[in-house]
Amino acid sequence: MQASETRNSNGLDQFCSALEARPGLSILDFSGASQSTISFITDYGHRLYSDDFGHQLDHCFGTTGEFYENQSNPLLVSRFLGAAMDFEEQSFDGALVWDSLQFLTPMLLQNVVGRLHRILRPGSSLLAVFHADERVEDIPTWSYRIQDRKTVVMAHRTQRRPAQVFNNRSLEKLFQDFSSVKFFLTRDHLREVLVRR
Amino acid sequence: MSTQPTRAIEPVFESARPGGPAVLGKSVVVKGQIIAGEDLTIDGEADGTVELQEHRLTVGPNGKVMAAVKAREVVVIGTLHGNVETRDKIQIRKGATLVGDIRTARIEIEDGAYFKGNIDIIRTEPKIAPSPQPKPQGSVPIVTQTTAAAGSGGSSHGGGSSEFKPEFKR
């Protein structure tokens, strides 16, 4: 059985404030479709675009030791971006990317963050999660299911070495094209980041 | 050299069980438009469009459907690539794959299913019930405009008559 944890999320709480403004928003969720997240977002009257970013990463770059080496293969990168990031400009009012960005090598990460900036409308929010413990080698990857606006159920998927470890300074640099970056440090070595486009 | 004329092969529609849904078996490949007036299970391959406005489409465990789908209800157990519009609900079962945009009144998705696309929930206003219409005699036929390739498994059908203009490849 898949192990899961339930945790409070202040980042999600703030992300959800924007959802209450008006119905009919377009929200991007990279955690893979789950009944609870679908119900939560669509109950607001919003449209949800769902994809499993981790599945796309595994599908394009493999699950073996060459996972990061493959991310420098232009053909594979092109295939990945076409499969996972092919959206029209300013087509979303919010993005839940969860922990997916920490498994991208620096060059691909820049590319993906640049695309996220382009596909989000001005004023919209992006919620991401980064592991905050620099000492560990492998970290768990999770699928995130929204239970309510302050609670996320995290189902364990696998263990993976992060491509790089981020601190507040490197995250500010990563999201420098966005208008603001807000950090939420938690007790479980996760750093929630709420970015405003 | 053979002078035998090429004979068109008529698809065999048989009821899987009396009164049960029409079934396109796992060795059946259909290309084109499928319009059905009864529940339909596709356990083979279908490429094109599928319309079952008042009925349920089930994509079986072996089913590979690449089609725009309109139905009252859709159950995906196998693989479906295409936009789906359902008046009632869509169920995506564990192990199923659905890539495409969904417009539906309700959605049920099991853990272990893969979905990629937009989800739009249709919220219908309650309407005044229309006066009842006389029911047509017999079931509404399945109509297909297809280029189809059938293997040995054939297809089966639960009672409705059918109009089928296929070209078969073997």
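Small disclaimer: the values here were computed from a predicted structure and weren't measured.

Analysis parameters
Residues numbered from 1 in each chain as written. Chains lettered and ligands numbered in written order. Predicted model: local features only at pLDDT ≥ 70, side-chain atom pairs only at ≥ 80, totals over all residues. Heavy atoms only, no water. Helix = DSSP H or I, 4+ residues; strand = E, 2+ residues; numbered from the N terminus. Contact = heavy atoms within 4.5 Å. Buried area = accessible area lost by both parts, 1.4 Å probe. Salt bridge = Lys/Arg side-chain N within 4 Å of Asp/Glu carboxyl O. Polar contact = N/O pair within 3.5 Å; in protein donor to acceptor, adjacent residues only side chain to side chain. Nonpolar A, V, L, I, M, F, W, Y, C, P; charged D, E, K, R; others polar. Axes fitted to C-alpha atoms, helices over the stretch in contact; angles between N-to-C directions. Parallel < 35°, antiparallel > 145°, perpendicular 65-115°, else oblique. Left-handed = near helix turned anticlockwise from the far one by under 90°. pLDDT = per-residue confidence, 0-100.

Asks: Honestly, unusual backbone geometry in this entry has me stumped. Any pointers?
Replies: Where the residue is not glycine, phi is negative for most of them; where a peptide bond is considered, it is trans in most cases. Here A:Gln90, not a glycine, exhibits a phi torsion of approximately 50°, which is positive. Structurally, the position occupied by A:Gln90 is in the loop between helix H4 (74-84) and strand S4 (92-98).

Asks: It is not clear to me how the interface of chain B and chain A should be interpreted in this structure. Could you clarify?
Replies: The extent of an interface is frequently quoted as the accessible surface area lost upon association of the parts. Taken together, the 13 residues of chain B in the interface contact 18 residues of chain A. Taken together, both faces of the contact between chain B and chain A bury some 1400 Å²; the carbon and sulfur share is 45%. Three residues, B:Tyr114, B:Lys116 and B:Ile119, lead the burial of chain B against chain A; their summed loss comes to 34% of the area buried on that side. Along the contact surface separating chain B from chain A lie three salt bridges. Where B:Asp111 meets A:Arg145, a salt bridge forms, and the shortest distance between an N and an O atom there is 3.3 Å. At the boundary of chain B and chain A, one finds 10 residue pairs in polar contact (both at pLDDT 80 or more). Among the secondary structure elements, those contributing two or more residues to the side of chain B that touches chain A are strand S10 (106-109) and strand S11 (114-121) of chain B. Looking at the side of chain B that touches chain A, the element that brings in the most residues is S11(B), giving eight residues. In terms of residue class, the side of chain B that touches chain A is made up of six nonpolar, two polar and five charged.

Asks: Sorry if this is basic, but what is going on with the packing of H4(A) against helix H5 (residues 106-119) of chain A here?
Replies: Helix packing for two helices is described by the angle between their axes and how far apart those axes are. Residues and elements named next belong to chain A. For the pair H4 and H5, interaxial distance at closest approach is 12 Å and the crossing angle is 25°. Classified by the angle between their axes, H4 and H5 sit roughly parallel to one another. In this structure, H4 meets H5 at a crossing whose hand is right-handed. For the pair H4 and H5, the contacting residues are Val 77, Phe 80 and Leu 81 in the first and Leu 108, Asn 111, Val 112 and Arg 115 in the second. Residues that form the contact of H4 with H5 fall into these classes: five nonpolar, one polar and one charged.

Asks: Would you explain the pattern of salt bridges in this entry?
Replies: When their charged atoms lie close together, side chains carrying opposite charge are able to pair. Using the criterion set out here, one finds 16 salt bridges over all chains in the structure. Through salt bridges with shared partners, a single network forms among B:Glu54, B:Arg56, B:Arg72, B:Glu73, B:Arg87 and B:Asp88.

Asks: Help me understand the confidence of the model for chain B, please; the structure alone is not making it clear to me.
Replies: Atomic detail in the predicted coordinates should be set aside for any region of low pLDDT. All names here are of chain B. Mean pLDDT for chain B: 76, with 62% of residues reaching 70 or above. The element-level mean pLDDT for chain B is lowest in strand S14 (residues 162-164), coming to 38, with strand S6 (residues 79-81) highest at 98. Considering only residues more than four positions removed or in separate chains, one finds that residues 1-15, a stretch of pLDDT under 50, has 21 contacts. Between residues 135-141, whose pLDDT stays under 50, and residues either more than four places distant or in other chains, the model counts 10 contacts. Model confidence for the complex: the whole-complex pTM is 0.82, and ipTM, which rates the interface, is 0.90.

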